[in-house]
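Chain by chain, the residues:
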Amino acid sequence: MTAVPTDVPSAERRKAERRRIQRISLPLPVRVEVRIDQQVSWNEVTRLSDVSAFGAGFSLKRPLKRGRIILLTIPMPRQLRCFDHSDAQYRIWCIIRRCVPTRTLAGEVSYSIGVAFIGKNPPSGFIDDPSTLYEISHREDEGLWRVVPAPDGPEDRNLSKEERRHTRFFIPEAVRLDVLDADGNISESESTVTENISFGGAAVFTSLTVNAGAFIRVVSQRHNKEIISVVRGRRTGPDGLTRLHLEFIDHFFPLEGVE
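Residues numbered from 1 in each chain as written. Predicted model: local features only at pLDDT ≥ 70, side-chain atom pairs only at ≥ 80, totals over all residues. Heavy atoms only, no water.

1. A short note on the overall build of the protein
And then number 1: Helices and strands together make up the secondary structure of the protein, namely 2 helices and 14 strands.
And then number 2: Taking all 259 residues of the protein together, the buried fraction comes to 44%.
And then number 3: Considering only residue pairs separated by 6 or more positions, the protein has 55% of its internal contacts joining residues 24 or more positions apart.
And then number 4: Per element, the accessible surface of the protein, about 13,800 Å² overall, is 49% carbon and sulfur. (Helix = DSSP H or I, 4+ residues; strand = E, 2+ residues; numbered from the N terminus. Buried < 20%, exposed > 50% of the residue type's maximum accessible area, 1.4 Å probe, protein only. Contact = heavy atoms within 4.5 Å. Areas by Shrake-Rupley, 256 points an atom, 1.4 Å probe, with all protein chains shown as cover.)

In structure tokens form, the structure reads like this:
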């Protein structure tokens, strides 16, 4: 990180530090690399909406779950870097802090993403299990954020240990699956039922020809709820029926009253 000389008056040092912390509008190109798990990954090129030395904002066509770790590659100005000041591209790992669905003037859906920078390398357990979600523990002296694995799924934190063991319900919940293409448009749909469901995901019977990494909008008319999900796996059971294993991204499923 470019340090402020110690002989600079304290007021000037504070002013320089504020400039590094303050988010500025700087529409630099950025490559976003995402690993959902060991088999599924994707990337997207977009532009920053704002950036500081310690975080950034941008929009994506696909949503990301809060707490996921991703890699950004940016032609970052040297004064906003914490390392690799002479490299043409700044490759920095980040944690997702915000994912909010928005619409463009043309009516297209996109997702406003906010990230905190965590450093030159991912967390130690990320390579073995990139599906792990993390949370911020504190900020280091140089300004980058330190993360630790989230102790529980956010949907489980208010449940007792006994309740946590029963948060996956093997019930046929009626849903509609809308397969989303790269532009967020529906390419195909089907009405089906779940084999099992929890706050954060579901296994659903399907005849759709989609594979791991695809994005699907799960629609529950009974609960008046729409949830963006990613396909984590696909399997055919001994009964010959195909299931999709879905991870919910932008909302949890409303299980109140489900037994």
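2. Observations regarding the packing of aromatic side chains
And then number 1: Applying the stated criterion to the full structure yields 4 aromatic pairs.
And then number 2: Pairing F83 with Y90 gives two aromatic rings, centres 4.9 Å apart and planes at 40°, and the pair type is tilted. Residues F83 and Y90 agree in their burial class; the two are buried.
And then number 3: Ring centres of W93 and F126 lie 5.3 Å apart, and the angle between their planes is 65°; this geometry places the pair in the edge-to-face category. (Phe/Tyr/Trp six-rings, centres within 6.5 Å; stacked < 30°, edge-to-face > 60°.)

3. Focus: the pattern of salt bridges
And then number 1: Under the criterion given, the structure shown has 14 salt bridges.
And then number 2: Between R31 and E33 there is a salt bridge, with its nearest N and O atoms 3.6 Å apart.
And then number 3: Judged by its relative accessible area of 26%, E33 falls in the partly exposed class.
And then number 4: Between D178 and R217 there is a salt bridge, with its nearest N and O atoms 3.5 Å apart. Of this pair, D178 sits in strand β9 (residues 174-180) while R217 sits in strand β12 (residues 215-220), and the two are 39 residues apart along the sequence.
And then number 5: Assessed through its relative accessible area of 18%, R217 is described here as buried.
And then number 6: Connected via shared salt-bridge partners are D37, K65, R68, R232 and E247. (Salt bridge = Lys/Arg side-chain N within 4 Å of Asp/Glu carboxyl O.)

4. Regarding the environment of Q39
And then number 1: You can see Q39 is positioned in the loop between β1 (29-35) and β2 (41-51).
And then number 2: Along the sequence, Q39 and P130 sit 91 residues apart, while their C-alpha atoms lie 9.8 Å from each other.

5. Quick word on the nonpolar core
And then number 1: F58, I70, L72, V115 and F117 are the most contacted members of the largest nonpolar core, which has 36 residues in total.
And then number 2: Counting residues in each nonpolar core, the second largest holds 20 residues, with I197, V204, I216 and F253 among its members. (Core = buried A, V, L, I, M, F, W, Y, C linked by side-chain atoms within 4.5 Å.)

6. Description of the environment of L241
And then number 1: Within the secondary structure, L241 sits in the loop between β13 (225-236) and β14 (242-248).
And then number 2: Spatially, the C-alpha atom of L241 lies 6.9 Å from that of F205, the residues being 36 residues apart in sequence.

7. Let's talk about the sheet that holds β2
And then number 1: Spatially, the 6 strands close up into a barrel ordered β1-β2-β3-β6-β5-β4, and their pairing is antiparallel. Strand-to-strand twist in this sheet, taken as the mean axis angle between neighbours without regard to direction, amounts to 40°. (Pairing = 2+ DSSP bridges. Axes fitted to C-alpha atoms, helices over the stretch in contact; angles between N-to-C directions.)

8. A look at the sheet that holds β9
And then number 1: With respect to topology, 6 strands assemble into a closed barrel ordered β9-β10-β11-β14-β13-β12, the strand pairing being antiparallel. Looking at each pair of strands side by side, their axes are set apart by 45° on average, direction ignored.

9. So, the side chain of E247
And then number 1: Relative to the helices and strands, E247 is located in strand β14.
And then number 2: By relative accessible area, which is 8% here, E247 ends up buried.
And then number 3: In terms of polar contacts, E247 uses its side chain to reach the side chain of K65, at 3.4 Å.
And then number 4: For E247, the side chain forms a polar contact with the side chain of R232, separated by 2.7 Å.
And then number 5: The contact partners of E247, leaving out residues within four places of it in the chain, are I36, K65, R68, G200, G201, I228, S229, V230 and R232. (Polar contact = N/O pair within 3.5 Å; in protein donor to acceptor, adjacent residues only side chain to side chain.)

Worth remembering: the numbers are spatial, not functional.
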